[in-house]
Amino acid sequence: MNEQAVPPHLERAPGAEWAFQRYEVMRPDLPDAEFPEHSIRAGSLADIAPHVDAFVLDAYGVLNTGDTAVRGAVARMSDLQAMGKQLIVLTNGASITHDQAVAKYRRYGFEFTEENVVASREVALAGLPLLGPGQVWASIARRSDGFQDCLDMVENLLADDSLFDRAGGFLFLSSNAWNSDLNNRLIAALKANPRPFIIANPDLVAPDEAGLTMEPGHFAHAVYEATGIKPRYFGKPHGNAFAAALDRLPGIVRNRIAMVGDTLHTDILGGAAAGLRTVLITDHGLFRGCDVDDYIARSGIRPDWICPTT
């Protein structure tokens, strides 16, 4: 087995303006949606709770930044649950299994069960196309990531670089051990032998304590630009992710459900396209420290509510 060196650090995005411009370049491939004429300013989700029966919640920038819970978010979720509000975490984080994701949020202090969490990983695995006999998906993930939920379908590309040539397709779960050099190698492999390319995290960037990390959507778009091979996306803003979340909220009409997120082009656009009301959180994610009104005006993606914090 050939060993592939793990990159020493995450690649980082220059900032919110760069990410915004890249999302706008991708706009033709994103869903269409209608938006309200004006946004309502609110202090937190407590102000919005009387108007909805359920919240669909992004994770990064709403519940946590990196491995730290957003200040006050644990108490806010507990209060909403005490009010009888239904909560679904809809995350594009695809590097860990469903059980591990639930355990992670519980470590942060959130009282979520397996029914409260929907990750793009599980949506992607449920929708993976069939490969030919004996073929496997080459997974782009950290070498330490587990594959208990897909052992018969997936092998880890960083553990065996012969998969660049022999894999039946590529499944992008995490960019935590990925970089531009490896992405260029993937581009070369796909040019030599075009194969399916599945993205389980469409995000371009994600916020952590130090800034913005480059996410699978960024690398996938670079592959598309270089090869013309269009990735198949699972996760926000695409309808497959919202369909999985709404399956957990039977009987609640869509205009009584609010999608809460920190990103216009994934959370707000995707939520609006699914017929949900939307809430943009400004202080903990992509737009922290930015003039969010300028980004809303330039994109035309307008949330129903704007809140500084969860």
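This is a predicted model, so every value here is computed, not measured.

Draft legend 1. Seen up close, empty space enclosed by the protein. In the structure shown here, the tally under the stated rule is one cavity of 30 Å³ or more. Taken as a whole, the largest cavity holds about 30 Å³ of empty space. Tallied by class, the residues present in the lining of the largest cavity amount to six nonpolar, two polar and no charged.

Draft legend 2. Layout of the pairing of strand β2 (residues 54–57). Both faces of β2 are covered, namely the face carrying Ala-54 and Val-56 and the face carrying Phe-55 and Leu-57. Across four bridges, the pairing between β2 and strand β5 (residues 86–91) is parallel. Of the residues in β5, the one forming a bridge with Val-56 is Ile-88. Where β2 meets strand β14 (residues 257–261), four bridges bridge the pair, whose relative direction is parallel. Within the sheet, the bridge partner assigned to Phe-55 lies in β14 and is Ala-258.

Draft legend 3. Up close: the sheet that holds β2. With parallel pairing, seven strands are arranged side by side in an open sheet as β1-β16-β15-β14-β2-β5-β6. Each of the sheet's edge strands pairs with one partner strand only, and the pair in question is β1 (40–41) and β6 (117–119). Helix α4 (residues 98–108) rests against β5 and β6 of the sheet, and its axis sits at about 125° to β6. Against the sheet, helix α9 (residues 239–246) makes contact with β2, β5, β6 and β14, and its axis sits at roughly 155° relative to β5, the strand it touches most.

Draft legend 4. Examining the packing of aromatic side chains more closely. All told, the structure shown has eight aromatic pairs when counted by the stated rule. Ring centres 6.3 Å apart and planes at 25° place the aromatic pair Phe-172 and Phe-219 in the stacked group. Here Phe-219 lies in helix α8 (residues 216–227) and Phe-172 lies in strand β9 (residues 169–172), a separation of 47 residues in the sequence. For the pair Phe-172 and Phe-219, one class covers both residues: buried.

Draft legend 5. Main features of the state of the cysteines. Counted under the stated rule, the structure contains zero disulfides. For the unlinked cysteine Cys-290, the closest cysteine sulfur is that of Cys-307, found at 17 Å.

Draft legend 6. Seen up close, the packing of helix α1 (residues 16–25) against helix α11 (residues 292–299). One way to put it is that α1 packs onto α11 with a least axis distance of 12 Å and a crossing angle of 15°. Here α1 is positioned roughly parallel relative to α11, judged by the angle of their axes. The handedness of the crossing between α1 and α11 comes out as right-handed. Contacts between α1 and α11 involve Ala-16, Glu-17, Phe-20 and Glu-24 from the first element and Tyr-295, Arg-298 and Ser-299 from the second. A class-by-class count of the residues in the contact of α1 with α11 yields three nonpolar, one polar and three charged.

Draft legend 7. Highlighting the environment of Arg-232. Position of Arg-232 relative to the elements: it lies in strand β13 (residues 232–233). With relative accessibility at 43%, the residue Arg-232 sits in the partly exposed group. Through-space distance from the C-alpha of Arg-232 to that of Phe-20 is 21 Å; in sequence the pair is 212 residues apart.

Draft legend 8. Local environment of the layout of surface pockets. If you add up the space inside the largest pocket, you get close to 720 Å³. Every residue lining the largest pocket is counted, 39 residues in all, and those nearest its centre are Tyr-60, Asp-67, Ser-95, Lys-104 and Asn-176. Elements supplying a minimum of two residues to the lining of the largest pocket: α4, β11 (205–208) and α10 (264–273).

Draft legend 9. Main features of the nonpolar core. Leu-157, Phe-170, Trp-178, Leu-186, Phe-197 and Leu-264 are the most contacted members of the largest nonpolar core, which has 46 residues in total. For this core, the leading source of residues is helix α7 (residues 180–192), giving five residues. Ignoring sequence-local partners within four residues, the contact set of Leu-186 consists of Ile-140, Phe-164, Phe-170, Trp-178, Phe-197 and Val-223.

Draft legend 10. Up close: the confidence of the model for the chain. Averaged over all residues, the pLDDT of the chain is 93; the fraction at 70 or higher stands at 97%. Across residues 1–8 the pLDDT falls below 50, and counting only partners more than four positions away or on other chains, this stretch makes 21 contacts in the model.

Draft legend 11. Focus on the pattern of salt bridges. Taken as a whole and assessed by the stated rule, the structure comprises 16 salt bridges. One salt bridge in this structure joins Lys-230 and Asp-29, with 3.5 Å as the shortest N-O distance. Note that Lys-230 is positioned in the loop between α8 and β13 and Asp-29 in the loop between α1 and β1, a separation of 201 residues in sequence. A relative accessible area of 54% means that Lys-230 is categorised as exposed. For Asp-29, a relative accessible area of 32% corresponds to the partly exposed category. A salt bridge links Arg-166 to Glu-155, with the shortest nitrogen-to-oxygen separation between them at 2.8 Å.

About the thresholds
- Residues numbered from 1 in each chain as written.
- Predicted model: local features only at pLDDT ≥ 70, side-chain atom pairs only at ≥ 80, totals over all residues.
- Heavy atoms only, no water.
- 1 Å grid on protein atoms, 1.4 Å probe; cavity = no way out; pocket = protein on both sides within 12 Å on 5 of 7 lines; lining within 4 Å.
- Points joined across faces, edges and corners; volume = space filled by probe spheres on them.
- Nonpolar A, V, L, I, M, F, W, Y, C, P; charged D, E, K, R; others polar.
- Buried < 20%, exposed > 50% of the residue type's maximum accessible area, 1.4 Å probe, protein only.
- Helix = DSSP H or I, 4+ residues; strand = E, 2+ residues; numbered from the N terminus.
- Pairing = 2+ DSSP bridges.
- Contact = heavy atoms within 4.5 Å.
- Axes fitted to C-alpha atoms, helices over the stretch in contact; angles between N-to-C directions.
- Phe/Tyr/Trp six-rings, centres within 6.5 Å; stacked < 30°, edge-to-face > 60°.
- Disulfide = S-S within 2.5 Å.
- Parallel < 35°, antiparallel > 145°, perpendicular 65-115°, else oblique.
- Left-handed = near helix turned anticlockwise from the far one by under 90°.
- Core = buried A, V, L, I, M, F, W, Y, C linked by side-chain atoms within 4.5 Å.
- pLDDT = per-residue confidence, 0-100.
- Salt bridge = Lys/Arg side-chain N within 4 Å of Asp/Glu carboxyl O.

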